[in-house]
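This is what each chain is made of:
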Amino acid sequence: MPAVIFDIGNVIIHWRPARQFGGMFADQAALDDALVSHDFPGWYGHRSDPRPWEDRLAELPDGARRTTFQTYLDGFTAATRDPMEGSAEVVGELIAAGTRVFAITNAPPEADEIVPRQHGVMARFEDVAVSSLEGVKKPDRQIFERVLTRNGLTPADCLFTDDTAAYLVGAADLGLKTHLFEGAAGLRDRLKAEGFLE
């Protein structure tokens, strides 16, 4: 059965990284340093606690650690808030045509909680591979192999689309068709040309 695998950031949603800084951090390096110094990875974990992050954060005592986490998570929510124009419609068209849809994203664990809350289209993907949860990221072919194997997909029947050309390499090496995403209209045209859409 045919399948299309989507990247998420700047394909399904706009990724606006500067919004993460929330007026508190000068740049990505400053944000990363603050998160490491307060052990954000250890606190957030890998979703072993199913409660929303807001409920978990409320249990932390007031102070720099809580303020840092609050600022970042509010900022990450803002950074992933805006949908890409037309992409959700393409996903719907593929499903209506009987094409299976999946996603692979290089993203931190919190994306797996925050992005689906804001974008209903995420629930339409049969499987979403988040690199930080998989322990491997694009363009490593292993992350593509995992999605193929988990879902019984044949590479020749699949197309992977991403806005970063370097990330297409791992998929192409496995025999998937690839498409450099530059907008929903161009993707739709390619999908029609390849027979995924009429």
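What this report covers is the structure whose coordinates are included nearby.

## Considerations on the packing of aromatic side chains
On inspection of all chains with the given rule, the structure shows 10 aromatic pairs. Relative to Phe125, the ring of Phe6 has its centre 5.8 Å away and its plane inclined at 55°; by these criteria the two rings are tilted. With Phe6 in strand E1 (residues 3–6) and Phe125 in the loop between helix H6 (111–118) and strand E3 (128–130), the pair connects residues that are 119 residues apart, well separated along the chain. Using a relative accessible area of 1% as the deciding quantity, one classes Phe6 as buried. Ring centres of Phe40 and Trp43 lie 5.9 Å apart, and the angle between their planes is 45°; this geometry places the pair in the tilted category. Here Trp43 and Phe40 lie together in helix H2 (residues 40–44), a separation of three residues that amounts to about one turn.

## Considering the side chain of Thr68
Note that Thr68 resides in helix H4 (residues 64–79). Beyond its immediate stretch of four places on either side in the chain, Thr68 contacts Met24, Phe25, Ala34, Leu35 and His38.

## Some details on the nonpolar core
In terms of nonpolar packing, the biggest core is built from 42 residues, with Phe6, Ile12, Phe40, Trp43, Leu94, Phe125 and Leu191 touching the most fellow members. At four residues, the largest contribution of residues to this core is made by H4. Core analysis: the second largest hydrophobic core is formed by 17 residues, Leu148, Leu153, Phe160 and Leu174 among them.

## Remarks on the side chain of Asp127
Positionally, Asp127 belongs in the loop between H6 and E3. Of the polar contacts made by the side chain of Asp127, one reaches the side chain of Arg150; its length is 3.0 Å. Here the side chain of Asp127 touches Asn151 through a polar contact of 2.9 Å, side chain to side chain. Ignoring anything within four residues of it in the chain, the contact list for Asp127 reads Val101, Phe102, Ala103, Val147, Arg150 and Asn151.

## Concerning the pattern of salt bridges
If you walk through the whole model with that rule in mind, you get 16 salt bridges. Asp127 serves as the salt-bridge partner of Arg150, at 3.0 Å between the closest nitrogen and oxygen. Linking Arg150 in helix H8 (residues 141–150) with Asp127 in the loop between H6 and E3, this pair joins segments that are 23 residues apart in sequence. The closest approach of N and O atoms between Glu145 and Arg141, which form a salt bridge, is 3.4 Å. Of the two residues, Glu145 and Arg141 both sit in helix H8, four residues apart, roughly one turn of that helix. The exposure class assigned to Arg141 is partly exposed, which follows from its relative accessible area of 38%.

What counts and what doesn't
Residues numbered from 1 in each chain as written. Predicted model: local features only at pLDDT ≥ 70, side-chain atom pairs only at ≥ 80, totals over all residues. Heavy atoms only, no water. Phe/Tyr/Trp six-rings, centres within 6.5 Å; stacked < 30°, edge-to-face > 60°. Helix = DSSP H or I, 4+ residues; strand = E, 2+ residues; numbered from the N terminus. Buried < 20%, exposed > 50% of the residue type's maximum accessible area, 1.4 Å probe, protein only. Contact = heavy atoms within 4.5 Å. Core = buried A, V, L, I, M, F, W, Y, C linked by side-chain atoms within 4.5 Å. Polar contact = N/O pair within 3.5 Å; in protein donor to acceptor, adjacent residues only side chain to side chain. Salt bridge = Lys/Arg side-chain N within 4 Å of Asp/Glu carboxyl O.

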